[in-house]
Structure formats: structure tokens, C-alpha cells
Number of protein chains: 4
Amino acid sequence: TAPFALITGPCQLESREHARMMAERIAEACAATGTRFIFKASYDKANRSSISTERGIGMDKGLQILADIRAEFGCPVLTDVHAADQCAAAAEAVDVIQIPAFLCRQTDLLLAAGATGAAINIKKGQFLAPWDMGNVAAKVASTGNERILLCDRGTSFGYNTLVSDFRGLPVMAATGYPVVFDATHSVQQPGGQGTTSGGQREFAPVLARAACAVGVNALFIETHEDPDNAPSDGPNMIPVDQMAALIGTLRAFDDLAKGGLGSN
Amino acid sequence: TAPFALITGPCQLESREHARMMAERIAEACAATGTRFIFKASYDKANRSSISTERGIGMDKGLQILADIRAEFGCPVLTDVHAADQCAAAAEAVDVIQIPAFLCRQTDLLLAAGATGAAINIKKGQFLAPWDMGNVAAKVASTGNERILLCDRGTSFGYNTLVSDFRGLPVMAATGYPVVFDATHSVQQPGGQGTTSGGQREFAPVLARAACAVGVNALFIETHEDPDNAPSDGPNMIPVDQMAALIGTLRAFDDLAKGGLGSN
Amino acid sequence: TAPFALITGPCQLESREHARMMAERIAEACAATGTRFIFKASYDKANRSSISTERGIGMDKGLQILADIRAEFGCPVLTDVHAADQCAAAAEAVDVIQIPAFLCRQTDLLLAAGATGAAINIKKGQFLAPWDMGNVAAKVASTGNERILLCDRGTSFGYNTLVSDFRGLPVMAATGYPVVFDATHSVQQPGGQGTTSGGQREFAPVLARAACAVGVNALFIETHEDPDNAPSDGPNMIPVDQMAALIGTLRAFDDLAKGGLGSN
Amino acid sequence: TAPFALITGPCQLESREHARMMAERIAEACAATGTRFIFKASYDKANRSSISTERGIGMDKGLQILADIRAEFGCPVLTDVHAADQCAAAAEAVDVIQIPAFLCRQTDLLLAAGATGAAINIKKGQFLAPWDMGNVAAKVASTGNERILLCDRGTSFGYNTLVSDFRGLPVMAATGYPVVFDATHSVQQPGGQGTTSGGQREFAPVLARAACAVGVNALFIETHEDPDNAPSDGPNMIPVDQMAALIGTLRAFDDLAKGGLGSN
């Protein structure tokens with residue numbers, strides 16, 4: 001099995017310069033281990049806790065920046081879509097279209113995304129059991145597109161809290177599709193700070209290590225050069241200057257899990 | 001305080017004849033108690049468990065039927081929307097636009113719905129705490145539209161199960177907006193039957209009684225003349241021939257709660 | 001069906017004088033509605049959050065006070081036991097032995113309690129499904145003692161939070177044993193205040209109304225003349241000067257539920 | 001940091017011969033990796049789902065067998081206690097006294113166990129947050145006995161289901177006490193089979209790998225030569241003939257986590 005791919009980037013596109021700077025620093029962080037990365041950023045935060053928070057840079061401008069990042073850095077790029085009519089345009093700019101967790105049951109969005117032929121990373125809804133993701137994937141697959149990834153980003157556990165159930169990773173893997181673990185959204189505390197979501201950044205590496213030991217095809221880890229001042233998801237993003245060390249650690253667990261020891 | 005309004009109807013529009021028959025039987029069921037009802041039906045089941053299940057009659061045809069029901073029966077009508085660009089057309093046909101629970105954080109949908117000036121019934125996401133609905137309502141209110149209802153339809157509780165936390169009703173009422181309790185979706189078992197959701201119909205009246213005793217402005221109860229053969233949500237709908245008796249019971253609890261006894 | 005019985009009293013026995021004063025005030029609060037009450041108090045808080053909090057007055061002294069309350073006020077009395085060897089002594093002093101929620105699966109305790117022939121009020125563990133209480137009751141019933149009550153005091157919901165699932169009341173009633181709803185422990189926030197448990201007293205009447213509408217044989221409501229300064233469970237107890245009004249309200253819902261309207 | 005210690009053995013003592021056979025097979029399974037094991041078995045299943053299931057061999061006989069296992073195999077032995085008056089006798093026979101999860105808040109039991117001076121393995125209640133275990137440990141520590149281990153065996157997640165929250169391991173480790181992960185009870189399905197608990201044996205190695213990657217001082221894994229016919233906990237025990245391979249895998253993750261890579 002191949003080493004994990006790393007879906008990473010800032011939560012949202014802030015500017016072309018910021019995206020280029022982040023891509024460069026991520027490329028550096030991945031270099032020592034030869035880790036393949038997929039650059040992720042959102043052009044629109046379409047479901048934020050409160051109306052008074054930043055939405056983002058917009059689709060046209062955002063997709064252009066992502067396409068440029070791909071061209072300049074030679075890396076695949078990923079973004080999330082929020083409506084069926086965004087899929088075609090997104091697929092021209094990015095390699096992977098992401099379905100947000102809240103929208104993972106929206107049939108039209110899944111069909112439109114699938115029809116583009118792009119790879120589709122579907123986040124498991126916080127309200128969904130891992131075994132229910134087979135039906136979700138089947139909606140995309142009905143378009144003839146089998147380039148599907150299933151991503152766990154935590155499950156509702158009481159109020160304002162998520163829990164990561166690591167039994168879900170092998171359950172989702174039983175579909176035959178690659179499985180992704182989203183370490184930074186899994187430590188979100190939805191709605192936990194009044195008008196924004198809180199987070200427990202310190203546990204993201206802990207859960208990522210666990211995911212690698214269980215076995216995943218990809219990890220999703222958002223990063224920022226200054227998370228505490230990031231426009232969204234700051235409480236759970238990893239400072240980019242810690243990424244190289246974290247990737248090194250995670251690759252060691254991943255190598256171990258994939259070196260034949262993971263058979264028990 | 002006024003007696004509860006009843007949002008009721010079949011889960012989905014099956015045909016003009018079916019909708020008229022249901023509206024007639026609902027009107028009869030409400031007559032004895034003089035209960036005001038809002039006829040509810042969906043023109044599209046946009047987030048079903050599986051791709052292989054029925055989607056519905058379509059927007060154009062569905063909205064026309066709803067407008068005709070309104071004209072013929074003189075009752076307000078309600079339907080749910082799934083994309084921002086459906087709101088304007090829906091608002092021409094219906095009195096109340098409903099935001100599905102999974103979509104309750106989608107800013108564009110909330111803004112588009114609010115901008116129509118129609119009343120907006122927002123279902124609380126299964127993944128959301130009741131105190132987080134204030135931020136959700138504020139998105140609609142930012143359009144200048146304060147005709148907002150907040151509706152509880154259960155909260156994720158482990159896998160494939162919802163629980164109704166009745167503390168949530170007064171918590172949501174503290175926003176100042178009317179509060180609705182959805183008795184039939186609260187007993188859904190999401191994904192609990194393979195490719196469809198299961199349900200525990202027998203508990204819907206139990207929870208509805210509890211909601212009336214706690215105090216609500218409206219109840220939401222889906223009904224069908226033959227739930228076991230309904231195209232969707234059969235396991236949790238109430239047979240229409242049981243509605244008159246159920247409404248009678250619930251009105252008694254509602255009257256009691258609103259007659260000054262509810263002050264403790 | 002008979003009106004609900006009310007299990008009520010201070011969380012713990014503070015002194016003979018305090019217990020008498022509470023019993024007197026409770027008797028007054030119940031007088032107007034003719035509500036039967038069972039005086040409840042604990043002689044030992046055996047499972048408190050922290051070692052540094054008050055344990056209680058002790059078994060010998062506590063049982064004597066309870067026996068005296070019974071003699072003076074002519075009411076049944078209830079206390080909870082924590083070990084099998086306490087049951088026989090407790091049964092000499094009290095009418096109802098209560099099994100704490102954490103201990104509801106301890107076979108020896110259930111058998112010893114059952115063997116006394118006293119009525120046994122078993123609290124459902126916060127970790128237990130309502131349908132699993134049949135097996136718990138069967139342990140007591142195996143002693144030949146069928147004087148069993150099953151009591152819901154909330155179910156674990158994430159961390160430091162309980163939720164009351166009102167489907168559980170009819171589920172437990174299907175065993176054939178009377179069902180009790182504990183309104184004040186159901187609003188506890190276990191561990192929510194560092195070294196003591198927190199609580200949301202304001203929701204206890206809300207949940208008690210819901211329980212009456214659903215249908216119960218008894219309510220459990222702890223009360224105190226000064227909850228904010230009570231040695232335990234202060235955050236969720238009801239001030240005794242509010243009890244008469246609360247009982248009046250609850251009796252109205254109870255009467256309605258039991259007057260033939262509760263058949264739906 | 002030392003490699004993990006392994007707490008292992010059959011769920012319950014079946015006979016002297018069975019215990020000796022299991023200890024021998026466990027010693028063999030641990031030999032290749034030099035893994036230190038603590039032999040675990042229960043003399044009494046005091047909180048089973050149903051009265052109709054096996055209780056066990058009894059305290060006197062059970063403790064003698066455990067003492068003999070210790071003498072013959074030179075390994076520490078562990079058993080669980082269910083009442084304060086069992087602690088002194090247990091401490092004469094075993095090295096580690098275990099507090100069952102349901103009983104982790106019972107002050108008298110914790111004090112009696114602590115007073116023996118034995119090491120005390122406290123299972124976190126399924127109803128308790130990991131940060132609430134500090135208060136639990138303080139009860140034992142108040143006796144002057146700081147030989148405390150804190151063990152996670154899953155947290156209530158809806159009905160009949162547990163979830164392992166791996167953030168809890170570092171949270172409990174922050175107390176300064178060694179942390180244990182119980183891989184086989186974490187995959188129990190409490191009450192999930194009518195009169196016994198179910199289990200998902202296949203996920204125990206998955207969760208154990210995750211725990212090693214996160215970092216633990218000890219693992220708890222029950223084992224049996226024929227789990228499907230074991231008198232208790234069969235659905236979640238690991239067949240003893242798979243233990244050597246499993247231990248080898250887990251030691252590799254443990255070594256990696258403790259080799260300096262675990263700093264992220």
C-alpha cells in the first residue's frame with residue numbers, strides 16, 4: 001500500500017500571495033519524507049456558525065488561484081463545493097471536489113460532483129454512521145465515477161462536541177474506496193465559542209497518529225502560519241512550522257501500519 | 001397564547017389527487033377542535049438515504065399543486081427547499097418555506113429564503129445544540145425577515161438514533177421566535193433500514209404530548225392514509241384516520257399548558 | 001389509574017430537625033392536591049464527585065430519623081443503599097429501598113434488597129438503555145419480590161450532560177412495573193463543576209411536565225429550603241416554597257393524561 | 001518510557017486448570033517480545049446483564065488460584081473487587097486490585113482498595129468524562145496510596161454502544177498516573193444481545209493499535225482459548241492463539257510511539 005497522501009492547506013483562501021506562501025511552506029514540510037500533498041483551500045465558507053463571520057474570496061477568484069497553485073507547484077488541488085451548479089466550474093480548476101459533511105446526503109450535489117469525473121472526497125456527516133456512507137458513495141458511483149474518497153471528520157457526541165470513532169475507518173474501507181481521516185476538523189467544538197466554532201488543536205496530532213496506526217489512505221490536516229489569527233477554524237489548525245515534524249511522525253506510524261504489521 | 005398550529009401532510013407529494021384527498025382528511029381531522037393547520041408536503045426528497053429511492057414529483061408540478069391546495073382549502077401551505085435558487089419560486093406558491101435540518105447552516109439558502117419575505121421554518125440540525133439556533137435565525141433575520149420558526153426534529157444520539165431533548169424547546173423559545181416540535185421526524189431511525197430510514201411511529205404521539213406539556217407554538221406531524229406503503233418516511237408517519245383523536249388529545253395538553261398552569 | 005405518587009425530600013439528611021422541617025413543609029405543599037408523598041433522604045452520599053465533599057449523617061442515625069419521620073407524619077419513607085449488607089437494616093426503617101443508578105447492575109445488591117420484601121426503586125443507570133431494565137428488574141424479582149419501581153434519571157449524552165429520552169418511560173412500563181421519572185437528577189450536569197456536579201434547576205419542572213403528559217406512576221423531585229446552600233445536589237433541587245405550585249401544575253397534567261385522553 | 005505492560009487473561013476464572021493453561025499460553029505469547037504481563041481473571045461477575053448467567057467461581061477459591069498462578073508463573077496478578085470488604089483479602093492474593101467501571105465513584109470501595117497498599121487499576125465509568133477521573137484518583141490517593149492506574153474502557157454513545165475517545169488518554173495522563181487502554185471491553189455492546197452483552201472482537205486490535213500510537217503505559221486485552229464458548233465476554237475476547245502476533249504488532253507501535261517520535 002502507498003504511503004498516505006496529505007490533504008492540507010489553509011481553511012480558506014485569503015489571497016493569492018497567502019496561498020502561494022502556504023503552498024511553498026507545505027511543499028517544504030513534505031519534502032524530507034517525500035510525502036505527496038494535495039493543496040486544499042476553500043473559496044467560500046458557506047455554512048459558518050454566524051452571519052457576521054468572513055465568507056471568503058469568492059468562487060471565480062478562488063478557483064483561479066487554485067489552478068495557479070496547481071500549475072506552479074505541480075500538486076493536485078482540492079476545494080469544497082456547496083451547490084450543484086458549482087461543480088462543473090470547480091472541476092475545471094481542481095483535481096478533487098470535496099462534499100462538505102453537512103451536505104453529504106444532498107443527492108443533486110453528489111450527482112453533479114460525480115458527473116464532472118473529478119475525484120470526489122465525501123466528508124461523513126457528523127450525524128451519520130460510518131456504515132451509512134456506502135449509500136452516499138453509491139450516489140456518486142451511479143454517475144459512473146468511482147474516483148471516490150470517504151473522509152471521517154468526527155461524529156456528534158452530545159452538544160458542541162465531536163468524537164472520532166476509529167472503528168469507522170475499517171467500516172468505511174470495507175466499501176473498497178480509499179479512506180481519509182480529517183484530524184483538524186475532528187477536534188472542532190462546533191458552536192463552542194458563541195458565534196464561531198472552537199477547537200482543541202492539541203489533540204489533532206494525537207488523533208492523526210491513531211488514524212495512521214489504524215490505517216488510512218490519506219490524512220486531512222489544515223494548517224496556517226498563524227492559526228490564532230486565521231479567519232476561520234483557527235482553534236483547530238496546526239501551525240505550519242510544526243508540519244514537517246508532524247508529517248515525519250505520522251509517516252513513521254503509516255509505514256509501520258503498512259509494512260505487514262497491520263495485519264492484526 | 002394561541003393554541004398550537006399544526007403543520008401536517010404527507011411526507012411527499014404523490015399526485016394532485018393524493019394531496020387533495022389528504023388535505024380533505026386533515027381538514028376533517030382538525031375540524032372538531034378548530035385546529036389551524038398548515039398543509040405540508042415535499043416536491044423533492046433531495047437527501048434520501050439511497051439513490052434507489054423515490055425523489056418526488058418535481059418543483060414546478062409540486063408547487064402548482066400546493067398553490068391549488070391553498071386556494072381550494074383556504075389553508076396555508078409549506079414546503080421545503082434545497083437550493084437558494086428554489087426559494088423565490090417556492091415563495092410564490094407557499095406561505096412557509098422550510099429549511100431542512102441538514103441545511104440549517106447553509107448561509108446562502110437561509111439568506112435566499114429570508115429575502116422572499118415568506119415565513120421560514122428552520123429545522124434544527126441533528127448535529128446542533130438548541131442554543132446554536134440563535135445564530136442560524138440571525139442569518140435569516142439579517143435579510144429583514146423576522147417571520148422565523150425554529151423546529152426541533154431530534155438530535156443525534158449514537159448511531160442511527162435521535163433523541164428529543166425537551167430542554168431545547170424553552171432554550172429555542174428564548175430567541176423570541178415561535179418554536180415547533182416535529183414529532184414524526186424525531187422518531188426516525190436515520191439509516192436504520194439499510195437503504196431507507198426506519199422509525200418508531202408508536203412514540204410520535206408520546207413525544208408530541210410531552211412537547212405540548214412543555215409548551216410549543218406549533219406541532220409538525222406527518223400523516224398518510226397508508227403509511228406502510230408510503231414512498232418515504234412511512235415508518236414514522238401517523239395514519240390519517242388516527243389524526244382527529246391525536247389532535248384532540250394534544251389540544252387538551254396544549255390548552256392546559258397555556259391556561260396559566262404552565263408557569264412552573 | 002391513580003394520580004402520581006411523589007418521592008420527595010432533601011438530597012441528604014442534614015439533621016433530625018431539618019428532616020422534620022422538610023417533611024412538614026412537603027406535607028403542606030401536597031395538602032391542597034391530596035398528593036401522596038414518600039419522604040426521601042439519603043444517610044450517606046456514597047459516590048460523590050470528590051472526596052472533599054460531605055458524605056452524610058451515617059446509617060444508624062439516618063435510618064432512625066427516617067423511621068421517626070414515618071411515625072410522626074404517617075408517610076412512607078425511602079432511602080438509598082450502597083452495599084448488600086445495608087439492605088436488611090434499611091428495610092426495618094423504610095418502606096422503599098432505592099438502588100442508585102451507578103449500582104443498578106450489581107447483582108448482590110439487587111438480590112439483598114429484593115430479599116427484604118421492601119419495595120425497591122431501581123434507578124436506571126445513565127449507561128443503560130431503557131429496554132435493558134427488564135433484566136435488572138428480573139434480578140430483584142428472582143427473590144420473589146415483585147414490588148419493583150423503575151426510575152429514569154437521565155442517560156449519558158456526551159460528557160458532563162444527561163438527556164431524558166421520554167420514549168424510555170413507555171418502554172420501561174412495558175415490563176409491567178410502575179415507572180418513576182426523576183426530574184431533579186435528570187437535569188444534573190455530572191462533574192460539571194470541578195469537584196461537584198452542576199445542574200439546571202430551571203428545567204426540572206419542564207421535564208416533569210413532559211413526564212406527566214407521557215404518563216408516569218410516580219415523580220421524584222428533590223427539594224430544599226435553600227438549595228444554593230444545600231450540602232449536595234443544590235444546583236438541581238427545587239426550592240420547597242415552589243413545591244405546592246409545581247405539584248398543582250403537575251397534577252393537572254397527570255389528571256389529563258390519566259383521564260382517558262392519554263390513549264393516543 | 002518502558003514498553004507497555006499487558007493486563008491479560010480470561011474474563012472469568014473457570015477452574016484452576018483453565019487458569020494455568022491460559023497463563024501458560026499467555027506467557028508463551030509474550031515471550032518473543034519480552035512483554036511483561038499481569039494475569040487478570042475475575043472470581044465473580046457481579047454485575048452481569050441477567051440473573052440467569054454465570055457468576056463465577058467465588059472469592060476464596062478464585063483468590064487462591066490467582067495466588068498460585070503468581071507463584072507458579074512469577075507474574076503479577078490482578079482481579080476486580082465489588083465491595084469494600086473484599087479488598088483486604090484480595091490484596092493478600094493479588095498485586096493489582098481493579099475497580100469496575102460502574103463502581104468507579106463508590107467512595108468506600110476506593111478507600112478500602114487504596115488502604116490495602118496494592119496497586120489500584122480504576123476503570124473509567126462509561127458515564128464519566130476523562131477529566132473527571134482526577135477526582136476519582138484523589139479518593140484513592142487520600143489513603144496515601146499513589147499506586148494508581150487509570151483505565152479507559154469506552155464511553156456511553158447512544159444505547160448499547162460504547163465509543164473510545166482517544167483524547168481521553170492524554171487527558172487522563174495529565175493526572176500523572178499511568179494510563180491503561182482496555183481494548184476488549186471498549187468493543188462491548190452493552191446489553192446488545194438480550195440477556196448478555198454483545199461485542200465486536202474484530203475491532204479490539206484496531207483500537208489497541210490506535211492506543212499504542214497515542215501512547216499508553218499498559219494495555220488490557222482479555223483472551224480465551226475458545227471465546228465463542230466462554231462463559232462471559234466471549235464476543236469481545238481475543239483468541240489466545242492470535243495473541244502472540246497481536247502483541248508483536250502492538251509492541252512495534254508502542255516502540256515507535258516511545259522512541260522520540262511521539263513528541264508531536
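Placed above this text is the structure.
Because the structure is a prediction, the values reported are computed rather than measured. (Residues numbered from 1 in each chain as written. Chains lettered and ligands numbered in written order. Predicted model: local features only at pLDDT ≥ 70, side-chain atom pairs only at ≥ 80, totals over all residues. Heavy atoms only, no water.)

Another point: the overall build of chain A. Each helix and strand counted, chain A has eight helices and 13 strands in total. Its C-alpha atoms give chain A a radius of gyration of 17 Å, near enough to 18 Å, the size a compact globule of 264 residues would have. The buried share of chain A, reckoned over its 264 residues, is 63%. If you sum the accessible surface of chain A, you get close to 8,000 Å²; carbon and sulfur atoms cover 48% of it. Of the side chains in chain A, 21 bear a positive and 28 a negative charge, and the two mean positions are spaced by 4 Å. (Helix = DSSP H or I, 4+ residues; strand = E, 2+ residues; numbered from the N terminus. Rg over C-alpha atoms; globule rule 2.2 N^0.38 Å. Buried < 20%, exposed > 50% of the residue type's maximum accessible area, 1.4 Å probe, protein only. Areas by Shrake-Rupley, 256 points an atom, 1.4 Å probe, with all protein chains shown as cover. Lys, Arg positive; Asp, Glu negative; His and termini not counted. Charge placed at Lys NZ, Arg CZ, Asp CG, Glu CD.)

What follows is about the relation of the copies chain D and chain C. Of the transformation placing chain D onto chain C, the axial shift is 0.0 Å and the rotation is 180 degrees, giving an RMSD of 0.0 Å. What the rotation and shift describe, once combined, is the action of a two-fold rotation axis. Comparing contact sets, 100% of the residues at the interface of chain D also lie at the interface in chain C, consistent with an isologous, same-surface contact. (Least-squares fit on C-alpha atoms with pLDDT ≥ 70 in both. Contact = heavy atoms within 4.5 Å.)

This part covers the pattern of salt bridges. On inspection of all chains with the given rule, the structure shows 44 salt bridges over all chains. Between Asp95 of chain B and Arg70 of chain B there is a salt bridge whose closest N-O contact spans 3.0 Å. Of this pair, Asp95 of chain B sits in the loop between α3 (87-93) and β4 (96-99) while Arg70 of chain B sits in helix α2 (residues 59-73), and the two are 25 residues apart along the sequence. Its relative accessible area of 23% is what places Asp95 of chain B among the partly exposed residues. In this structure, Asp44 of chain C engages Arg55 of chain C in a salt bridge whose closest nitrogen and oxygen atoms are separated by 2.7 Å. Here the residue Asp44 of chain C occupies a position in the loop between β2 (37-40) and α2 (59-73), and Arg55 of chain C occupies one in the loop between β2 and α2, the gap between them amounting to eleven residues. Judged by its relative accessible area of 24%, Arg55 of chain C falls in the partly exposed class. The structure contains a network of salt bridges with shared partners spanning Asp44 and Arg55 of chain A together with Asp108 of chain B. (Salt bridge = Lys/Arg side-chain N within 4 Å of Asp/Glu carboxyl O.)

Next up on the list: the environment of Asp108 of chain D. Inspection of the secondary structure puts Asp108 of chain D in helix α4 (residues 107-115). Separated by 72 residues in sequence, Asp108 of chain D and Arg36 of chain D place their C-alpha atoms 31 Å apart. Sequence-distant contacts of Asp108 of chain D, defined by excluding residues within four places in its chain, comprise Asp44, Ala46 and Arg55 of chain C together with Ala84 of chain D.

Relative placement of two packed helices is described by the angle separating their axes and the distance separating the axes. Residues and elements named next belong to chain A. Contact pair helix α4 (residues 107-115) / helix α5 (residues 133-141): the axes reach a minimum separation of 7 Å and the direction vectors enclose 50 degrees. The angle between the axes of α4 and α5 places the two elements in the oblique class. Contacts between α4 and α5 pair Thr107, Leu110, Leu111 and Gly114 from the former with Val136, Lys139 and Val140 from the latter. In the contact of α4 with α5, the residues fall into four nonpolar, two polar and one charged. (Axes fitted to C-alpha atoms, helices over the stretch in contact; angles between N-to-C directions. Parallel < 35°, antiparallel > 145°, perpendicular 65-115°, else oblique. Nonpolar A, V, L, I, M, F, W, Y, C, P; charged D, E, K, R; others polar.)

Quick look at the packing of aromatic side chains now. In this structure the tally under the stated criterion is 24 aromatic pairs over all chains. A centroid spacing of 4.9 Å and a plane angle of 70 degrees characterise the contact between Tyr159 of chain A and Trp131 of chain B, whose relative ring orientation is edge-to-face. Taken together, the residues span two chains, with Tyr159 of chain A in the loop between β7 (155-156) and β8 (162-163) and Trp131 of chain B in the loop between β5 (119-123) and α5 (133-141). Using a relative accessible area of 44% as the deciding quantity, one classes Trp131 of chain B as partly exposed. In textbook terms, an aromatic cluster arises when at least three aromatic residues are bridged by ring pairs, as seen for Trp131 and Phe157 of chain A, Tyr159 of chain B, Tyr159 of chain C together with Trp131 and Phe157 of chain D. Its guanidinium or amino end placed over the ring of Phe220 of chain C, Lys123 of chain C lies 3.9 Å from that ring's centre, counting from NZ or CZ. (Phe/Tyr/Trp six-rings, centres within 6.5 Å; stacked < 30°, edge-to-face > 60°. Lys NZ or Arg CZ within 6 Å of the ring centre and 35° of its normal.)

Moving on, we come to the pairing of strand β5 (residues 119-123) of chain A. Residue and element names in this part refer to chain A. With five of its five residues buried, β5 lies for the most part within the structure. Neither face of β5 is left uncovered, since the one carrying Ala119, Asn121 and Lys123 and the one carrying Ile120 and Ile122 both have all their residues buried. Of the pairings in the sheet, the one linking strand β4 (residues 96-99) to β5 comprises four bridges and is parallel in character. Considered in β5, the bridge of Val96 is made with Ala119. (Pairing = 2+ DSSP bridges.)

This part takes up unusual backbone geometry. Located in the positive-phi region is Asn160 of chain C, a residue other than glycine, with phi close to 60 degrees. Relative to the helices and strands, Asn160 of chain C resides in the loop between β7 (155-156) and β8 (162-163). At Asp233 of chain D, a position not held by glycine, the phi torsion is positive, near 60 degrees. Looking at where Asp233 of chain D falls in the secondary structure, it is placed in the loop between β12 (218-224) and β13 (238-239). The exposure class of Asp233 of chain D is buried, given its relative accessible area of 13%.

Residue and element names in this part refer to chain C. With seven of nine residues buried, helix α5 (residues 133-141) lies mostly within the body of the structure. Met133, Asn135, Val136, Ala137, Lys139, Val140 and Ala141 are the residues of α5 that are buried. In this fold, the buried residues of α5 make contact with α4 (107-115), β5 (119-123), β6 (148-152) and α6 (168-173).

Contacts between the two partners involve 37 residues from chain D, matched on the other side by 37 residues from chain C. A buried area of about 3,200 Å², summed over both sides, lies between chain D and chain C, and 49% of it is on carbon and sulfur atoms. Looking only at chain D, the three residues that lose the most surface to chain C are Ile51, Arg105 and Tyr159 of chain D, adding up to 23% of its buried area. Counting the contacts that link chain D with chain C gives two salt bridges. (Buried area = accessible area lost by both parts, 1.4 Å probe.)

What follows covers the packing of helix α7 (residues 204-214) of chain B against helix α7 (residues 204-214) of chain C. Running from N to C, α7 of chain B and α7 of chain C point in directions that differ by 135 degrees, and their axes come no closer than 8 Å. Viewed along their axes, α7 of chain B and α7 of chain C adopt a mutual orientation that is oblique. For the pair α7 of chain B and α7 of chain C, the sense of crossing is right-handed. Within the contact between the two elements, α7 of chain B uses Val206, Arg209, Ala210, Ala213 and Val214 of chain B and α7 of chain C uses Val206, Arg209, Ala210, Ala213 and Val214 of chain C. For the contact of α7 of chain B with α7 of chain C, the residue count by class is eight nonpolar, no polar and two charged. (Left-handed = near helix turned anticlockwise from the far one by under 90°.)

Tracing the sequence through the fold places Val171 of chain A in helix α6 (residues 168-173). Exposure remark for Val171 of chain A: the relative accessible area of 22% places this residue in the partly exposed category. For Val171 of chain A and Phe39 of chain A, which are 132 residues apart along the polypeptide, the C-alpha to C-alpha distance reads 27 Å. Setting aside residues up to four positions removed in sequence, Val171 of chain A forms contacts with Pro130 and Trp131 of chain A together with Phe203 of chain D.

Time to look at helix α8 (residues 243-258) of chain C. Every α-helix carries 3.6 residues per turn, so stepping three or four residues along brings you back to the same face. Taking 1.5 Å per residue as the helical rise, α8 of chain C with its 16 residues ought to reach 22 Å, and the 22 Å between its terminal C-alpha atoms agrees with that figure. Burial in α8 of chain C covers these residues: Met243, Leu246, Ile247, Thr249, Leu250, Arg251, Ala252, Phe253, Asp254, Leu256 and Ala257 of chain C. (Expected span 1.5 Å × (residues − 1).)

This brings us to the pairing of strand β5 (residues 119-123) of chain D. Residue and element names in this part refer to chain D. You can see the chain leave strand β4 (residues 96-99), run along α4 and come back into β5, and the turn it takes is right-handed. Bridge count for β5 against strand β6 (residues 148-152) is four bridges, and the pairing is parallel. By the bridge assignment, Asn121 is partnered in β6 with Leu149. Handedness of the crossover joining β5 and β6 through helix α5 (residues 133-141): right-handed. (Right-handed = clockwise from strand over helix to strand, strands pointing away.)

As a further point, take the environment of Arg201 of chain C. Residue and element names in this part refer to chain C. Within the secondary structure layout, Arg201 lies in the loop between β11 (198-199) and α7. For Arg201 and Glu17, which are 184 residues apart along the polypeptide, the C-alpha to C-alpha distance reads 25 Å. Apart from residues no more than four positions distant in its own chain, Arg201 is found in contact with Val187, Pro227, Asp228, Gly234, Pro235, Asn236, Met237, Ile238 and Pro239. A polar contact of 2.8 Å, which involves the side chain of Arg201, links it to the backbone oxygen of Met237. (Polar contact = N/O pair within 3.5 Å; in protein donor to acceptor, adjacent residues only side chain to side chain.)

Along the chain, the position of Ser164 of chain B falls in the loop between β8 (162-163) and α6 (168-173). Ser164 of chain B has contacts with Phe181, Ser186 and Leu207 of chain B together with Ser164 of chain C, leaving out every residue within four places of it along the chain.

Right, let's get into the side chain of Gln188 of chain A. Within the secondary structure, Gln188 of chain A is located in strand β10 (residues 188-189). Here Gln188 of chain A is in contact with Arg153, Leu162, Ser197, Gly198, Gly199, Asp233 and Asn236 of chain A, once residues within four sequence places are set aside.

A few words now on the state of the cysteines. Here the structure, examined in full by the defined rule, presents zero disulfides over all chains. Cys87 of chain C carries a free sulfur, and the closest cysteine sulfur to it, the one in Cys104 of chain C, is 15 Å from it. (Disulfide = S-S within 2.5 Å.)

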